[in-house]
Amino acid sequence: MPYVLGIDIGSSNTAAAVARRRGATWTRPEAVPLSAGSPLMPSVLCLAEDGSLRVGEPATDDGSRTTRDFVHRIGDDVPVLLGGEPCAPQTLTAELAAWVVERVHALEGGAAEAIVLSHPAGWRPYRREVLHRALSDLGLRHVTLLPRTVTVAESHAARGFAGSTAVVYALGGNSFEAALVRRTPRGTYETFGTPQGLDSIGGADFDEALAEHARTVLARELAATGRRGAQAALRGLRAECDRVKRVLTVDLTADVVLTLPNGPARVPVTRAQFEAMIRPTVQATVDLLLRAVRSADLTAAQLDGVLLAGGSTRVPLVTELIGAALPVPVEVEPDAQLTAATGAAMAACQVVSPRPRQPAPARVPAPVSGAGRATIPAQRRPQHTVPGDPPPRPPVRLLPLELPKPSRLALARARGREG
């Protein structure tokens, strides 16, 4: 069945979604299982001993052959060192995108009719140019790049959000961005105003706050186990704190559980305690959200809503502080960590089947509400072509840039088998 593909490569995880053509319409986007049945794959690349580049967390990690910080460095002249080899961050990001494209190609039995890849709203043209060139170098010459805030708005619109002007709040694992979006005459969205963002704030800070609390409470017990025992006990602490964070979005109490040599140790945490730990971080993101609104001289009365994306936006304190700062509806989807990817798939539908121009909908005031690893295969698939002319989207112009020379590792060719 013909399909289109949306990809969101975040600072922590990568997600993808497909929408399939059914007659003259498209199905609702569905998440693609990228890692052992999970729709999320860690945005991690590892250079194996045989020279192949692998996606996902490695079984063992000495730190020199694994990189997790390449996405936000796209356009940086300083390369990422991977196994001692200099690699351009945009090349690594393109490799990850190409792996997703090939995995979906294998699952769907054919190439996508269109591909949309999200990127931070604050990117200037240069960063889009170098990523587009890196994608083209790997055979992905017809990928549409759209701001993540736009794809988030597209996802919310597909679920029923009918507003014409909104502000997007996207909280990733290690990054945050906020930007205003508005509906165009074609019914799609575009950004305006000045996007705001930070690469040093994200949901991982919530996990670390819980982890620090657990380490403090269990300091004596950990010290009694010795250095090796403490290291073993703490190895899975961040993953455990991520689980507890998700539990506290629906429950009022949860236990952080660590396995010590003499048995499991539990650290009870209430939602109120957790919210006190993360309140300064959440407030910092809300301040940036307000700054994005002020950049276009808008008031809350001119907004139809706040659109959320990112798994940690399910934390009740997030919607509480946003609602207190902006008395407009706050929208968050059930699978908030997939919002940007599903919205990218919705945008890809418009690349193939553009909507006709239509008058902007009249604003109707809304009531205020509460808120594994895998190996990149050796052979590339056929090029993905887009039939017809794309609709008016933020243009991706290719400038005559002098890009860094590719690594002698030849990452686009030295591949291992599919993991």
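Going by the structure above, here's the rest.
Treat the numbers as computed from the prediction; the structure is a model and nothing was measured. (Residues numbered from 1 in each chain as written. Predicted model: local features only at pLDDT ≥ 70, side-chain atom pairs only at ≥ 80, totals over all residues. Heavy atoms only, no water.)

Caption draft 1: Region of the structure containing the sheet that holds strand β15 (residues 189–198). Pairing within the open sheet is mixed, and its five strands lie in the order β15-β14-β13-β18-β19. The open sheet has two free edges, formed respectively by β15 and β19 (330–331), since each of these has just one partner strand. Both strand β18 (residues 306–309) and β19 contribute to a ladder of two bridges, which runs parallel. Its bridge partner lying in β19, V306 is registered against V330. (Pairing = 2+ DSSP bridges. Helix = DSSP H or I, 4+ residues; strand = E, 2+ residues; numbered from the N terminus.)

Caption draft 2: The arrangement of the pattern of salt bridges in detail. For the coordinates displayed, the defined rule picks out 18 salt bridges. E208 serves as the salt-bridge partner of R238, at 3.2 Å between the closest nitrogen and oxygen. Of this pair, R238 sits in helix α7 (residues 237–247) while E208 sits in helix α4 (residues 203–217), placing them 30 residues apart in sequence. Judged by its relative accessible area of 38%, R238 falls in the partly exposed class. Where salt bridges share partners, they join D207, D242, K245 and R246 into one cluster. (Salt bridge = Lys/Arg side-chain N within 4 Å of Asp/Glu carboxyl O. Buried < 20%, exposed > 50% of the residue type's maximum accessible area, 1.4 Å probe, protein only.)

Caption draft 3: Representation of empty space enclosed by the protein in the model. Its volume calculated, the largest cavity comes out at about 50 Å³. Residue lining of the largest cavity: I9, V71, I74, T93, L117, S118, H119, P120, W123, L131 and R148, and that is the complete set. At three residues, strand β11 (residues 115–119) tops the list of elements feeding residues into the lining of the largest cavity. Of the residues assigned to the lining of the largest cavity, the class counts are seven nonpolar, three polar and one charged. (1 Å grid on protein atoms, 1.4 Å probe; cavity = no way out; pocket = protein on both sides within 12 Å on 5 of 7 lines; lining within 4 Å. Points joined across faces, edges and corners; volume = space filled by probe spheres on them. Nonpolar A, V, L, I, M, F, W, Y, C, P; charged D, E, K, R; others polar.)

Caption draft 4: Structural view of α7. Looking at α7, one finds that the buried residues are L237, E240, C241, V244 and K245. On an axial view of α7, the arc spanned by its buried residues comes to 145°, and they lie on one face. Those residues of α7 that are buried are in contact with α4, α6 (226–234), β16 (253–260) and α8 (271–294). (Arc of directions from axis to C-beta. Contact = heavy atoms within 4.5 Å.)

Caption draft 5: Layout of the environment of L307. When you line up the elements, L307 lands in strand β18. The residues touching L307, leaving out its near neighbours within four places in the chain, are V152, A153, H156, F161, A166, V167, V168, Y169 and E331.

Caption draft 6: Looking closely at the packing of helix α3 (residues 148–158) against helix α10 (residues 339–352). Packing of α3 against α10 leaves a shortest axis separation of 7 Å and a crossing angle of 80°. Between α3 and α10, the crossing angle belongs to the class labelled roughly perpendicular. Residues R148, T151, V152, E154, S155, H156 and A158 of α3 form the contact with α10, whose own contacting residues are T339, A340, T342, G343, A344 and M346. Across the contact of α3 with α10, the residue classes break down as five nonpolar, six polar and two charged. (Axes fitted to C-alpha atoms, helices over the stretch in contact; angles between N-to-C directions. Parallel < 35°, antiparallel > 145°, perpendicular 65-115°, else oblique.)

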